[in-house]
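Residue strings, one per chain:
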Amino acid sequence: MRNTCIKPSRLWLAWLMGLAVAGPDQGAATEAFADDWTARKCELYQQAVRDAITLQGPEGLRMAFLTSNQEFIDAQCAVRVEICPMTPEEWALADTLLKMTMNEGMASTFVPFGCP
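These notes cover the structure that comes with them. Treat the numbers as computed from the prediction; the structure is a model and nothing was measured.

**A word on the packing of aromatic side chains**
Reasoning step 1: Summed over the entire model, instances satisfying the criterion amount to four aromatic pairs.
Reasoning step 2: Pairing Y45 with F110 gives two aromatic rings, centres 5.8 Å apart and planes at 70°, and the pair type is edge-to-face. In this pair, Y45 is assigned in helix α1 (residues 8-56) and F110 in the segment after α3 (88-103), connecting sequence segments 65 residues apart. For the pair shown, Y45 and F110 are each scored as buried.
Reasoning step 3: Through a chain of ring-to-ring contacts, three or more aromatic side chains come together here, namely Y45, F72 and F110.

What follows is the structure, encoded as structure tokens:
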């Protein structure tokens, strides 16, 4: 009977060679996916803002609140800001946007709302 078992040292070497070949490509693919997901999250957030304001209406939303939110979107949602809702309508919008973004698979930390 012939022994077809691969010695652990050969298996280890084959595994390391596989990492050396696949490593850089996997890193680039992961980075590209992260960049695509970041851009997609911002698109989804922008659409959610439009939808939520359309459903809720603009009454009670301060210009400073809306402007800060638009600046977040204009920066491709890449800057960390904390927009503090002040009116009941702003709190309702922030809550709605949090729910909408989480339903799309985003973390709750994505939305730009927070108060000092």
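**So, the state of the cysteines**
Reasoning step 1: Applying the stated criterion across every chain yields a total of two disulfides.
Reasoning step 2: In this model C42 forms its disulfide with C77; the gap between the sulfur atoms is 2.1 Å. The sign of the S-S torsion, about 70°, decides the handedness of the disulfide formed by C42 and C77: right-handed. In this pair, C42 is assigned in helix α1 and C77 in the loop between α2 (63-74) and α3, connecting sequence segments 35 residues apart.
Reasoning step 3: Judged by its relative accessible area of 9%, C77 falls in the buried class.
Reasoning step 4: Between the sulfur atoms of C84 and its disulfide mate C115 the distance is 2.0 Å. With the S-S bond torsion at 95°, the cross-link from C84 to C115 turns out right-handed. Linking C84 in the loop between α2 and α3 with C115 in the segment after α3, this pair joins segments that are 31 residues apart in sequence.
Reasoning step 5: If the cysteines joined by disulfides in the chain are listed in sequence order, their pairing comes out as 1-2, 3-4.

**A short note on α3**
Reasoning step 1: Taking 1.5 Å per residue, 16 residues should reach 22 Å; α3 reaches 23 Å between its end C-alpha atoms and fits that length.
Reasoning step 2: Every buried residue of α3 is accounted for by E90, L93, A94, L97 and T101. Buried residues of α3, viewed axially, fall in a sector of 100°; they line one side. Away from the buried face of α3 by more than 90 degrees, exposed residues P88, K99 and N103 are located.
Reasoning step 3: The positive-phi residue at the C-terminal boundary of α3 is G105, with phi of around 95°.

The rules behind the values
Residues numbered from 1 in each chain as written. Predicted model: local features only at pLDDT ≥ 70, side-chain atom pairs only at ≥ 80, totals over all residues. Heavy atoms only, no water. Phe/Tyr/Trp six-rings, centres within 6.5 Å; stacked < 30°, edge-to-face > 60°. Helix = DSSP H or I, 4+ residues; strand = E, 2+ residues; numbered from the N terminus. Buried < 20%, exposed > 50% of the residue type's maximum accessible area, 1.4 Å probe, protein only. Disulfide = S-S within 2.5 Å. Expected span 1.5 Å × (residues − 1). Arc of directions from axis to C-beta.

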